[in-house]
Amino acid sequence: MIDFPHCKINLGLNITEKRKDGFHNLETIFVPVPVRDVLEIVVQQDYHTDIPVIFTSSGISIPGTTENNLCVKAWHLLKQDYPDKIKPVAIHLIKHIPIGAGLGGGSSNGAFALKILNKLFFLNLSRQQLIHYALVLGSDCPFFIYDTPCYATGRGEHLTPLNLNLAHYHLLIVNPGIHINTGLAFKAITPKPGPGNLFKVPELPLSRWQQVLVNDFQQPVSAEYPVIAALIAELQSAGAGYAAMSGTGSTVFGIFENKQSLEETRAKIQQANPAFYTRAVALQ
Ligand SMILES: C[C@@](CO)(OP(=O)(O)O)[C@H](O)COP(=O)(O)OP(=O)(O)OC[C@H]1O[C@@H](n2ccc(N)nc2=O)[C@H](O)[C@@H]1O
Ligand SMILES: Nc1ncnc2c1ncn2[C@@H]1O[C@H](COP(=O)(O)OP(=O)(O)O)[C@@H](O)[C@H]1O
């Protein structure tokens, strides 16, 4: 069975509280972005090795061990609770989404693996059950059980779908190739109360977003990597109605009304920085 895990951007990201379990509560809006990996999971028909999960990948090379890959972790998680139904599998991932980029690509892979395994082995898990398993894999994973914009609180698992129609806008994504470690990024943050009303953002015109949305990681991460602040400023001056960093970075994005301005800006950034990853995406 094959599926196409997508990535996300954050509109605002407020870190509101350090929790007793070591994690932080946050407030954000997750928006799905149709930049995708390819994830295929098939049953090992002729299972004669001691390896119940054969994992291979192509495309961007993925750091870490196979056991720590979120697709493989998803299989083990369900195997614990459904030992008879979950069979040995072969997983192949074609990786396109930049890694450690604040785009949630790894989290998306884990969540999509859960969704595929649920179907492949007829587990009949509800969305709420899938969200429960997804949160074990990572704080960002529950969002990828949905595929609509969501207001998120808690670690990211309290999700409310939002009526946010971005179909008339164009998104430019720029990743300067810096891998940000999420755990380390949190160490630079002093939590403070969030706005508590980010769910109202869909009611505001795009022109107001820059004033009301804050990503608490943007300042400390930009202080370490000034290219991030410089790119955001460039997107703003090129006509983006809103530009910011996604998640813990290092990806920045601009939302444009004018597709030509976006294309010109993309070409300019790409020409000046051939190693950067840039993508123009039609939003939904
Ligand atoms: C902060 C966000 C916003 O989208 O950053 P990005 O990953 O997208 O950049 C995410 O919630 C990240 O989610 P995810 O990448 O799944 O993080 P996890 O694997 O759960 O946690 C990695 C580490 O980050 C810290 N962490 C993560 C999430 C959270 N709510 N509180 C935390 O303190 C913890 O130190 C944890 O050990
Ligand atoms: N399938 C996967 N794809 C990418 N990264 C993965 C995957 N499984 C585990 N990881 C680990 O997750 C980390 C990056 O996660 P990713 O979702 O790309 O970044 P971010 O949390 O910044 O959005 C990497 O350090 C990598 O080792």
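Residues numbered from 1 in each chain as written. Chains lettered and ligands numbered in written order. Predicted model: local features only at pLDDT ≥ 70, side-chain atom pairs only at ≥ 80, totals over all residues.

The name that an unreviewed UniProt entry assigns to the chain is 4-diphosphocytidyl-2-C-methyl-D-erythritol kinase, with the source organism given as Polluticaenibacter yanchengensis. For the chain, the Pathway (unreviewed entry) comment in UniProt is given as "Isoprenoid biosynthesis; isopentenyl diphosphate biosynthesis via DXP pathway; isopentenyl diphosphate from 1-deoxy-D-xylulose 5-phosphate: step 3/6." Of the chain, the UniProt comment under Sequence similarities (unreviewed entry) reads exactly: "Belongs to the GHMP kinase family. IspE subfamily." (UniProt positions renumbered as here; feature names shortened; annotations may be inferred.)

Looking at the UniProt feature "binding site: ATP" (unreviewed entry) in the chain
Within this structure's numbering, the places UniProt gives as "binding site: ATP" (unreviewed entry) are Pro98, Ile99, Gly100, Ala101, Gly102, Leu103, Gly104, Gly105, Gly106, Ser107 and Ser108. You can see Ile99 is positioned in the loop between strand 6 (89–95) and helix 2 (105–120). Since 15 C-beta atoms lie within 10 Å of it, Ile99 is described here as partly exposed. Dropping the residues within four chain positions of it, Ile99 is found in contact with Ile60, Ile62, Pro63, Gly105, Gly106 and His179. Of note, Leu103 is situated in the loop between strand 6 and helix 2. Ignoring anything within four residues of it in the chain, the contact list for Leu103 reads Cys7, Lys8, Ile97, Pro98, Ser246 and Thr251. (Helix = DSSP H or I, 4+ residues; strand = E, 2+ residues; numbered from the N terminus. Buried ≥ 20, exposed ≤ 12 C-beta atoms within 10 Å, placed from the backbone. Contact = placed C-beta atoms within 7 Å.)

Focus: the domain arrangement of the chain
As assigned here, the chain comprises domain 1 (2–161) and domain 2 (170–282). Domain 1 and domain 2 are separated by 24 Å when their C-alpha centres are compared. Listed as interface residues are 26 residues of domain 1 and, on the opposing side, 32 residues of domain 2. Elements with a contribution of two residues or more to the side of domain 1 that touches domain 2: strand 2 (6–18) and strand 3 (24–36). Looking at the side of domain 1 that touches domain 2, the element that brings in the most residues is strand 2, giving 10 residues. Class assignment for the residues of the side of domain 1 that touches domain 2 results in 13 nonpolar, 10 polar and three charged. (Domains from an automatic or database assignment. Nonpolar A, V, L, I, M, F, W, Y, C, P; charged D, E, K, R; others polar.)

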